[in-house]
Structure formats: structure tokens, C-alpha cells
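Residues per chain are reported as follows:
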Amino acid sequence: PRFDRKIEQELWKSFSHARSAFDKRRRTHFAQQAKVRSAATAAKNQIVSQAEALKNSSDWLETAKKFKELMDQWKAAGRIGKGEDELLWARFKTAQDQFFTRKNEDLAKRKVSQDTNLEKKRGLLVEAEALLPIKDIETAKRSMREIYNRWEKVGLVPRDWMKKLDDRLKIVQNAIDEAVAREAS
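The shown structure was predicted, so the numbers you read here are calculated from the model rather than taken from an experiment.

## Re unusual backbone geometry
Part 1 of the argument: The amide bond that connects L132 to the next residue, P133, takes the cis arrangement and shows omega of -15°.
Part 2 of the argument: Position of P133 among the secondary structure elements: in the loop between α3 (82–129) and α4 (137–154).

## Overview of the packing of aromatic side chains
Part 1 of the argument: Under the definition given, this model contains nine aromatic pairs.
Part 2 of the argument: Here the aromatic cluster, defined as three or more aromatic residues joined through ring pairs, consists of W60, F67, W74, W89, F92, F99 and F100.
Part 3 of the argument: Positioned over the ring face of W161 is R122, at 4.3 Å from the centre of the ring.

## Structural notes on the nonpolar core
Part 1 of the argument: A51, F67, L70, W74 and F92 are the most contacted members of the largest nonpolar core, which has 16 residues in total.
Part 2 of the argument: Breaking this core down by element, the ones donating at least two residues are α1 (5–54), α2 (60–77) and α3.
Part 3 of the argument: Listed in part, the 15 residues of the second largest apolar core include L131, I147, V157 and L165.

## Some points on the pattern of salt bridges
Two side chains with opposite charge may pair up if their charged atoms get near one another.
Part 1 of the argument: Applying the stated criterion across every chain, the model contains 16 salt bridges.
Part 2 of the argument: E129 is paired through a salt bridge with R168; the nearest N and O atoms lie 2.9 Å apart. Within this pair, whereas E129 is found in helix α3, its partner R168 is found in helix α5 (residues 159–184), the two being separated by 39 residues in sequence.
Part 3 of the argument: Residue classification places E129 among the partly exposed positions, given a relative accessible area of 30%.
Part 4 of the argument: Here K163 and D167 are joined by a salt bridge, their closest N and O atoms 3.0 Å apart. Of the two residues, K163 and D167 are both situated in helix α5; the distance of four residues between them amounts to about one turn of the helix.
Part 5 of the argument: One connected set of salt bridges, linked through shared partners, spans D23, R26 and R27.

## A closer look at the packing of α3 against α5
Part 1 of the argument: Put simply, α3 and α5 touch, their axes get as near as 9 Å, and they point 20° apart. The angle between the axes of α3 and α5 places the two elements in the roughly parallel class. The crossing of α3 and α5 is left-handed. Contacts between α3 and α5 involve L118, K121, R122, L125, A128 and E129 from the former and W161, L165, R168, L169 and V172 from the latter.
Part 2 of the argument: Taken together, the residues of the contact of α3 with α5 sort by class into seven nonpolar, no polar and four charged.

## What to know about α3
Part 1 of the argument: Here α3 contains 48 residues, and its C-alpha end-to-end distance of 67 Å stays within 8% of the 70 Å for a straight helix at 1.5 Å per residue.
Part 2 of the argument: Tucked into the core, α3 has its buried residues touching α1, α2, α4 and α5.

## Some thoughts on the packing of α4 against α5
Part 1 of the argument: Close contact between α4 and α5 brings their axes to 10 Å; oriented N to C, the two are set at 155°. In this view, α4 runs roughly antiparallel relative to α5, as classed from their interaxial angle. Judged by the twist between their axes, the crossing of α4 over α5 is left-handed. Residue-level inspection shows I137, A140, K141, M144, I147, Y148 and W151 of α4 in contact with α5, the latter providing L165, D166, L169, V172, Q173, I176, A179, V180 and E183.
Part 2 of the argument: Here the contact of α4 with α5 is built from residues that sort into twelve nonpolar, one polar and three charged.

## Considering the environment of R2
Part 1 of the argument: Tracing the sequence through the fold places R2 in the segment before α1.
Part 2 of the argument: In this structure R2 comes out as exposed when scored by relative accessible area, which is 69%.
Part 3 of the argument: Residues R2 and D59, spaced 57 residues apart in sequence, show a C-alpha to C-alpha distance of 80 Å.

What counts, and where the lines are drawn
- Residues numbered from 1 in each chain as written.
- Predicted model: local features only at pLDDT ≥ 70, side-chain atom pairs only at ≥ 80, totals over all residues.
- Heavy atoms only, no water.
- Helix = DSSP H or I, 4+ residues; strand = E, 2+ residues; numbered from the N terminus.
- Phe/Tyr/Trp six-rings, centres within 6.5 Å; stacked < 30°, edge-to-face > 60°.
- Lys NZ or Arg CZ within 6 Å of the ring centre and 35° of its normal.
- Core = buried A, V, L, I, M, F, W, Y, C linked by side-chain atoms within 4.5 Å.
- Buried < 20%, exposed > 50% of the residue type's maximum accessible area, 1.4 Å probe, protein only.
- Salt bridge = Lys/Arg side-chain N within 4 Å of Asp/Glu carboxyl O.
- Axes fitted to C-alpha atoms, helices over the stretch in contact; angles between N-to-C directions.
- Parallel < 35°, antiparallel > 145°, perpendicular 65-115°, else oblique.
- Left-handed = near helix turned anticlockwise from the far one by under 90°.
- Contact = heavy atoms within 4.5 Å.
- Nonpolar A, V, L, I, M, F, W, Y, C, P; charged D, E, K, R; others polar.
- Expected span 1.5 Å × (residues − 1).

Structure follows, in C-alpha cells:
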């Protein structure tokens, strides 16, 4: 049924005004969302660029820290369109995986090298400890200098063994030092 024209026009104005206000808020909302997505996209593109620049680094500790920072920035950057987010994430993840694969390979090589060095230093300790008890001070001093020279050339051992090995070598050196002091007095 139709209303009288005056009432119908007032209703239409009210409806039209409400629809216009809603449409304006909707456009503002989606424009704001587009700005947020655009900023997030720019931030994530920047993060991916930084990750790709770091992927060939061999500064393991600092680069690993930087990748953690980049991951935190990624999470804070916000959401973007699913397809684009997945593409950027795949690039970021590829760069990150490439770095950490190289890092793990290097650490595995170092472990093998350090284990070999550990065995060499253990052999040198056996030689040094064979000098005890000190019978000939000059021979012991000369042998200890030779052992120290070879010791320094061996290289790094696993961290948890460093102090143990150094302490055992120091016992021999202290025994030689005490024998020298006794002889001098």
C-alpha cells in the first residue's frame, strides 16, 4: 500500500540518509583496512628483503639474532591478503631456512674438527703427564715448551672440555715450576 506522498518522501529521506551514512562508514572502514594492509605489505616486503640479504651471512650468532628480530617484526606487521601473505612468507622462510641450514652444516663441521682436536690434546696431556714426577728439570722444561707449542697449534676443542684440559696441563706446569723453585733455593 502506498502512503501519502508527504509521509513517503519523509520515509524515503530517512532511509536514504541512513543508507548514505552506512555507505560512507563502510567506505571509510574499507579504505582504512586498505591502508593497514598496504602498510603491512610494505613492512613484510621490507622484512623479506632483509631476510634475503642475510641468507648468505656467516656471522652465525648476530644473523640468527637478526632473523629472530625479523620474525618478531613479521608477527607485528599485521595481516595482508592471504595469497600475498603466503608468497611473502614462502620467500622469508626460504631465506631463513637457507641461512640456518648453512649454519647447522658449519656447526657439524666444527664439531667434527673440535672432537679431533680434543683427541689430539688428550694425547698431548698423556705426554705431559708422563713427565711426572720430575726427574730432569731441564728435559721437563724443554718437553713442556714443545708440548705447549703443539697444544696451541691444535685449535679449539668443545667448550665443556676447555677448562678440564687446561687444568690438567696446568698441574704438570705447576709441578715443573715447583721443581725449578726447589732447585733454585
